[in-house]
Amino acid sequence: MSAWTDVPTDGPGDVASWPPDLDELERHLLEGIAALTPRPDADGVRPADAPLAPGSSLTGAALDRLLDAQFASRHLDHAARWLRAQGEGFYTIGSAGHEANAMVAAALRPTDPALLHYRSGGFYLARAQQAGHDGVDDVLLGLLASSDEPIAGGRHKVFGHAALAIIPQTSTIASHLPRAMGVGFAIGRARRLGIPTRWPDDAIAVCSFGDASLNHSTAQGALNAAAYTAHQGMPMPVLFVCEDNGWGISVPTPPGWVETVLSAHPGLHYEAADGTDPVGVFDLTEELAELVRTTGRPAVLHLRVVRFGGHAGTDVESAYRSPAAIRADRARDPLLATARVLVEAGVTTPDELLARYLAGRAAIRARARELTGRPRLTDVREIVAPLAPHRPAAVADRAVLAAPREVREAFFGTLPEDEGPLTLAETINRTLGDLLCADERVLVFGEDVGVKGGVYGVTRGLQRRAGRRRVFDTLLDEQSILGLALGLGVSGLVPIPEIQYLAYLHNAIDQLRGEAASLSFFSTGQFRNPLVVRIAGYGYQQGFGGHFHNDNGIAALRDIPGVVIASPSHPIDVPAMLRTCVAAAIEDGTVSVFLEPIARYHTRDLHHVGDEAWTAPYAPPEAWAREHIPIGTPVVAREGDDVLIVTWANGRYLAERVAARVAADGIGCRVLDVRWLAPLPIGEILRHATSIGRVLVVDETRRTGGVGEAIVAGLAEGGYRGALRRVAGADSFIPLGDAARLVLVSEDDIESAIRDLVHI
């Protein structure tokens, strides 16, 4: 492994003694520092505690410390590329040129939750300074993918630290902005409700992103949602920081575009700052932070910066930029700008700064060498451990907690257990009511869920009973709904958002895949997303539909690591399953999707009119422990020994109807409702399959990528060798009207498959 040259023993101003492996950017910086001179009007050495400008609170001593953070960030960028060249490092997206964000950190409180751009090395190290923490090792261990790294444990190189209120973000473009909006909403809403969160009551959220990310629909949606919320008079204390370096990898941002977009956005207070003016950046950020903190309204800081070294180590900048343009950018180096202010003010000297830079370079080089032997992840179990921790005993204890009887009576009037048999929709409604009664942190929200009670009336009456601050309508943007939920969850509240139709989820699913599911993974459980997303889905609606209102494709959900998918079929299972999901969210930080079959919302009868077989009484709290349903446990809905039907949701309804018909011919069908689509109860399925020897999988999702594929594969891998059939939906979107029946599993399909199995 090659080494860097140590700091020169001669005077730091002696160019000949500088390390020969300095790159052009470093040499330009050092030459610029060496050429600095105090202002003619500087009278000796400026007092360390004196403000650097009239009306500013930034002192020379404070800026001097911030320069150390900026220097260290630059050294870490060079270390990243050096380590990569030696085969020891794994990440080379640097912060060089963006280090003015250290001033942003310094102007905020270290308890203000931060969701950072991946070029936020200066911010991270400056906040670490505020908290008396040395962040250099954090970054180096992240570059080395070491399991000793304190936030992600070697799973990714991120800027994050629980004690620094920095929520780790990955590189997905703009995906963290909806969550940042949600954190701001959580601060304001919790304050109005009198509920504590992870953050101080007067905290503000800060979110940084790049100019290219501004053009992403996710960013635009989050900015719009923040302004939309504030427009209605609701608190939204968020400071967005657009770090504008003029490039999206190799694509230039049109001059003036960022200013035009941000300054014209209604509801967002806009200000711009130049990264080469450290005092101005600090003062303006401090001013904006105070504005956001006192008014509760969002603001955006347009921070003009420069990018050095290309997008990443693999990006050859000279392929799309001229040498002259690259050289011209070096005049805008924020490190040189900070050094200039300090030297001109008489706070320090060029020689002292050169010595500090070179000594810091050598020290970080040496520390990088020392850390290369630190352990890395070597076991699959260790890697996946933070994804979905399970404490079933704690979840079971939490799931049976109910509000006192007098609270429930005041909320409901007539208690649910005294209402008689309830439909699926009614049962969901009453269970949500009990959850709202039992825990003040629970919030229910989505499109139309408030006054109207949802398209199907599932949440009807909850807003009137729980109040508009706990059950509320959102704007029509699924990315913002989920981002709002993520911000609420990470702040310590318990969000239960509704996505109106399954098909509407797909334009926002990265909020589950890239943000909700990954947060615990990339923070080793130090940050969590307690979240239960209710989604109306599947097909079989009568007289209404089309592919946006009937959707049976859930492969994208089952692909997300750690996400639990609950899919109740019958009203008797709904309360316990929903309580389990909420309890798992609180106890384990679990992200759950509660997938509800639209067509069964108001179904009452199964075999004939008036049999009430698709209703169920609501159990009183004293029975909840007995009826608890742990994650991943199926239920035998009908007994029989000739054919095992494995199914869920609408499939159970269809299978039970068919099983009753074929029973007349002496065929006994055991209907096993899996109830949980992730994790699938493969062990229980295999046990029942082995005992019977004939298996029919009734899969209402699509044949390709459907849940049935996983069940069949699980049976095969488990050693099942009996007869096996699967009926599934066609590989098609669902059309309007009667044509929908042609692509969905029918009772005739099920009956034919049963009779085929029996006659094998």
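Since we're looking at a predicted model, the values are computed, not measured. The written sequence of each chain sets the order in which its residues are numbered from 1. For this predicted model, a pLDDT threshold of at least 70 governs which residues receive local features, and a threshold of 80 or more governs which side-chain atom pairs are given and counted, while totals over whole chains, interfaces and linings are taken from all residues. As a rule here, side-chain values cover all heavy atoms of the structure and leave hydrogens and water aside.

Draft legend 1. Structural context of the packing of helix α1 (residues 24-34) against helix α11 (residues 334-344). α11 packs onto α1 with a crossing angle of 15° between their chain directions and a minimal axis gap of 10 Å. Comparing their axes, α11 and α1 come out roughly parallel. Taken as a pair, α1 and α11 cross one another with a handedness that is right-handed. Only L335, L336 and A339 of α11 make contact with α1, whose side of the interface consists of L29, G32 and I33. Gly is placed with the polar residues, together with every amino acid not listed as nonpolar (Ala, Val, Leu, Ile, Met, Phe, Trp, Tyr, Cys and Pro) or charged (Asp, Glu, Lys and Arg). For the contact of α1 with α11, the residue count by class is five nonpolar, one polar and no charged. Here, axes are lines fitted to C-alpha atoms. For helices the fit covers the stretch in contact, and angles between N-to-C directions go from 0 to 180 degrees. The secondary structure listing takes helices from DSSP runs of H or I that are at least 4 residues long and strands from runs of E that are at least 2 residues long, numbered from the N terminus. Comment on the angle field: the value is read as roughly parallel under 35 degrees, roughly antiparallel over 145, roughly perpendicular from 65 to 115, and oblique elsewhere. Two helices cross in a left-handed way if the nearer one is turned anticlockwise from the farther one by less than a right angle. They cross in a right-handed way if the turn is clockwise. Any two residues having at least one pair of non-hydrogen atoms within 4.5 Å are treated as being in contact.

Draft legend 2. Highlighting the sheet that holds strand β15 (residues 635-638). Within the open sheet, the five strands sit side by side as β15-β17-β16-β19-β20. Their pairing is mixed. Each end of this open sheet is capped by a strand with a single partner; those strands are β15 and β20 (723-729). Direction aside, the axes of adjacent strands within the sheet are offset by 25° on average. Here, any two strands with at least 2 DSSP bridges between them count as paired.

Draft legend 3. The environment of D21, seen in detail. With respect to the secondary-structure elements, D21 resides in the segment before α1. In this scheme, a residue with accessible area under 20% of its type's maximum is buried, one over 50% is exposed, and one in between is partly exposed, where area comes from a 1.4 Å probe on protein chains only. Note on D21: relative accessible area 32%, which makes it partly exposed. A polar atom in the side chain of D21 sits 3.4 Å from the side chain of R361. Here a polar contact means two N or O atoms within 3.5 Å. Within protein one must be a hydrogen donor candidate and the other an acceptor candidate, and residues neighboring in sequence count only if both atoms are side-chain atoms.

Draft legend 4. Highlighting the side chain of E587. With respect to the helices and strands, the residue E587 is situated in helix α22 (residues 574-588). Residues contacting E587, with those up to four places away along its chain left out, are R391, A394, V395, R398 and R528.

Draft legend 5. Inspection of the packing of aromatic side chains at higher detail. Working definition: a ring pair exists when centres of Phe, Tyr or Trp rings (six-membered ring for Trp) sit within 6.5 Å. Plane angles under 30 degrees give stacked, over 60 give edge-to-face, the rest tilted. Taken as a whole, this structure holds eleven aromatic pairs when the rule is applied. On the basis of an interplanar angle of 35° and a centroid distance of 5.7 Å, the ring pair of Y124 and F159 is categorised as tilted. Of this pair, Y124 sits in helix α4 (residues 121-130) while F159 is found in the loop between α5 (136-143) and β2 (166-167), placing the two residues 35 residues apart along the sequence. As far as burial versus exposure is concerned, Y124 and F159 are alike and both buried. Taking the centre distance of 5.1 Å and the plane angle of 5° together, the rings of F445 and F472 count as stacked. Within this pair, whereas F445 is found in strand β9 (residues 442-446), its partner F472 is found in strand β10 (residues 471-473), the two being separated by 27 residues in sequence. The pair formed by F445 and F472 is uniform in burial state, with each residue classed as buried. Linked through ring pairs, Y456, Y501, Y504 and Y601 together constitute an aromatic cluster. Here, a charge over a ring means that NZ of Lys or CZ of Arg falls within 6 Å of the ring centre while also lying within 35 degrees of the ring normal. Of note, K157 hangs over the ring of F159, and the distance from its end group to the ring centre comes to 3.6 Å. Between R579 and the ring centre of W624, over which it is positioned, the NZ or CZ distance is 3.8 Å.

Draft legend 6. Representation of the side chain of D551 in the model. Along the chain, the position of D551 falls in the loop between β12 (531-537) and α21 (555-558). Taking the relative accessible area as the measure of exposure, D551 reaches 7% and is therefore buried. Within the local environment of D551, its side chain forms a polar contact with the side chain of R702, the two groups lying 3.1 Å apart. The contacts of D551, once residues within four sequence positions are left out, are L502, A503, H506, G537, Y538, R702 and I734.

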